[in-house]
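Structural description and commentary
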Amino acid sequence: MVGSHLFVVLAAVLLAAQCAAKTTSFWPHIQAIEARSVATTVPDLEARNPPLANGHSSVKCTHPMQRVSWYTLTDAERASWTSSFRQLSKPGKSIFIKGGSFMDDLTLVHIGLQEELHYNSCFLPCHSAFLRAFYSLMRVSGYQGREAYWDIEHDWTHGIQNAALWRSLGTDDGKGGPIPNGPFRGSHCGLLPNTKKPGYSVYKPHPVTRHFNGDWNAKPPARGDMYTAHFNQSIINTFLAAPDYATLRRSLEDNIHAWMHQAIGGEMWLFSATCEPAFWLLHMEIDRIWRSWQHLHGTYFQYAGHRRIRHKDGSTEIKVASLDDPIDFYGLFEKVTVRDVMHPRRGIMCFRYEHLYNNQLDTGR
Ligand SMILES: *[C@@H]1O[C@H](CO)[C@@H](O)[C@H](O)[C@H]1NC(C)=O
Ligand SMILES: [Cu+2]
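Quick look at the structure, then. (Residues numbered from 1 in each chain as written. Chains lettered and ligands numbered in written order. Predicted model: local features only at pLDDT ≥ 70, side-chain atom pairs only at ≥ 80, totals over all residues. Heavy atoms only, no water.)

**Let's talk about the site of ligand 1**
Our working rule: Only a single heavy atom is needed: when it lies within 4 Å of a molecule or strand, its residue is near that molecule or strand. Between N or O atoms, a polar contact is any pair within 3.5 Å; within protein, one atom must be a potential hydrogen donor and the other a potential acceptor, and residues adjacent in sequence are included only when both atoms are from side chains. Each residue is assigned to one class: nonpolar for Ala, Val, Leu, Ile, Met, Phe, Trp, Tyr, Cys and Pro, charged for Asp, Glu, Lys and Arg, and polar for all the others, Gly among them.
Around ligand 1, the structure places Ala 229, His 230, Asn 232, Ser 234, Ile 235 and Trp 259. Ala 229 is positioned such that a nitrogen or oxygen atom in its backbone is 3.5 Å from an oxygen atom of ligand 1. His 230 is positioned such that a nitrogen or oxygen atom in its backbone is 2.8 Å from an oxygen atom of ligand 1. The residue makeup of the shell around ligand 1, split by class, is 3 nonpolar, 3 polar and no charged.

**Describing the sheet that holds strand E12 (residues 351–353)**
Worth spelling out the cut-off: What makes two strands pair is DSSP finding at least two bridges between them. Secondary structure elements follow DSSP: runs of H or I no shorter than four residues count as helices, runs of E no shorter than two count as strands, and numbering proceeds from the N terminus. Here, axes are lines fitted to C-alpha atoms. For helices the fit covers the stretch in contact, and angles between N-to-C directions go from 0 to 180 degrees.
Here we have 3 strands laid out as an open sheet, ordered E3-E2-E12, and parallel in their pairing. The open sheet has two edge strands, strand E3 (147–149) and E12, and neither has a second partner. Sheet twist, expressed as the average angle between the axes of neighbouring strands with direction ignored, equals 30°. Sheet topology places strand E2 (residues 65–69) next to E12; 3 bridges connect them, and they run parallel.

**Comments concerning helix H9 (residues 245–264)**
One turn of the α-helix equals 3.6 residues, which is why residues spaced by three or four share an orientation. Where we set the bar: A helix is expected to reach a length of 1.5 Å times the quantity of its residues less one. For a residue, the bend is simply the angle between two axes, fitted respectively to the seven-residue segment ending there and the seven-residue segment starting there. A simple rule labels every residue: compare its accessible area, found with a 1.4 Å probe on the protein chains alone, to the largest value its type can have, and call it buried under 20%, exposed over 50%, or partly exposed in between.
Relative to the 28 Å expected for 20 residues at 1.5 Å per residue, H9 spans 27 Å between its end C-alpha atoms, a close match to the ideal helical length. Of all the bends in H9, the greatest measures close to 30° and is centred on Leu 252. Within H9, 16 of the 20 residues are buried, which leaves it mostly tucked inside the rest of the structure. Of the residues flanking the start of H9, the one acting as N-cap is Asp 244, its side-chain oxygen 3.2 Å from the backbone nitrogen of Ala 246.

**Overview of the state of the cysteines**
For clarity, the cut-off: In plain terms, two cysteine sulfur atoms within 2.5 Å form what is called a disulfide here.
This structure, assessed with the given rule, holds 3 disulfides. Paired by a disulfide, Cys 122 and Cys 126 hold their sulfur atoms 2.0 Å apart. Every disulfide takes its handedness from the sign of the S-S torsion; for Cys 122 and Cys 126 that torsion is 85°, giving right-handed. The exposure classification of Cys 122 matches that of Cys 126, with both residues buried. Listing the disulfide partners of the protein chain by sequence rank of the bonded cysteines yields 1-6, 2-3, 4-5.

**What to know about the nonpolar core**
To keep things clear, this is the line we draw: Residues belong to one nonpolar core when they are buried, are Ala, Val, Leu, Ile, Met, Phe, Trp, Tyr or Cys, and are joined through side-chain atoms within 4.5 Å. Any two residues having at least one pair of non-hydrogen atoms within 4.5 Å are treated as being in contact.
In this structure, Trp 81, Leu 106, Trp 150, Trp 166, Ile 256, Trp 280 and Phe 329 are the most contacted members of the largest nonpolar core, which totals 94 residues. In terms of residues, this core owes the most to one element, helix H6 (residues 123–140), which gives 11 residues. Not counting residues within four places of it along the chain, the set of residues in contact with Trp 166 comprises Trp 150, Ile 160, Gln 161, Thr 171, Phe 212, Met 226, Ile 264 and Ala 278.

**Section: the pairing of E2**
Counting buried positions over the 5 residues of E2 gives 4, a clear majority of the element. Strand direction decides the pairing type here: E2 and E3, joined by 3 bridges, are parallel. Its bridge partner lying in E3, Val 68 is registered against Ala 148.

**Brief notes about the pattern of salt bridges**
The line we're drawing: Any carboxyl oxygen of Asp or Glu within 4 Å of a side-chain nitrogen of Lys or Arg constitutes a salt bridge here.
Taken as a whole and judged by the stated rule, the model has 19 salt bridges. Put simply, Arg 132 and Glu 334 hold a salt bridge, and the shortest N to O gap is 3.5 Å. You can see Arg 132 sitting in helix H6 and its partner Glu 334 sitting in the loop between strand E10 (326–327) and strand E11 (336–337), a full 202 residues away along the chain. Assigned by exposure class, Arg 132 and Glu 334 land together as buried.

Here it is as structure tokens:
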């Protein structure tokens, strides 16, 4: 895991560059952080890994990380995942915010780059890179098990609201509020999006909330079936049959992604959803569907659509997407290009799914 190594280096360098702020515009902080990090981390990287054509370090993927269903993890792995996640959310280690947590750093990136990460072509590769950043931090926080996705196939027949997942993660309280039970009871999230200024975070520690919901428009909202009726083999078949990348991206983002964010509700419906443990399991499931599509069509590098960029002056620009587009999480993670995360075992990626949809094995190099 080159990510964890890099991260330790970055963390050591960057802890010195902390800054406190109530309402945070990251740009000045990020620039300061980057200015410091470049000089110290680059030589180390080059010493360990030959640079790729684009100047980034490459990993030889000899031992792909196993990605399995949450239900395949051993009890010990699930316990370790849970305690590492809680460790990650403990205040003190943040790179960006004085007294904050690693989770705050992830949340800051997710809020700050909301327009780059969502509703444009980068949704899939950007979240794939984000998952990798998450697991690097999980490993720094002690996790040694396999990476996990929420296997929705396992749960759609019995009702998403009855999923065994909620025995591991706790449920909601039936009316919307802090997680009432399970190992994440009492979890806190450090940041909230500033609703008036997209991309800006407010440092405001608060309990992580949930509101399981089947009908967002009902007033008061109903607990409902969490859109169980929307999930079945036919929607998976629709995803897998997508004729091109742009169609697939749009339908994954609008359907399973948006429905599940809404169905879990509370924090999950905000850009601070990173504090909800199910966020990471859901996003790996979405990644698994994308990877299933890639494998089925034999096209790992198909990428198209538009990307959105928010400039420092607040303006937004829309450009034709390219594999050479940068993915840059403010220095929390390697600066890479979309190309570097398109293939599960090339560029900076090195993982293999236990099962892909359509009964495929995640074979190939
Ligand atoms: C499968 O889900 C879709 C929506 O995603 C729905 O329209 C369809 O009726 C469902 N099919 C079955 C057989 O339940
Ligand atoms: Cu997201």
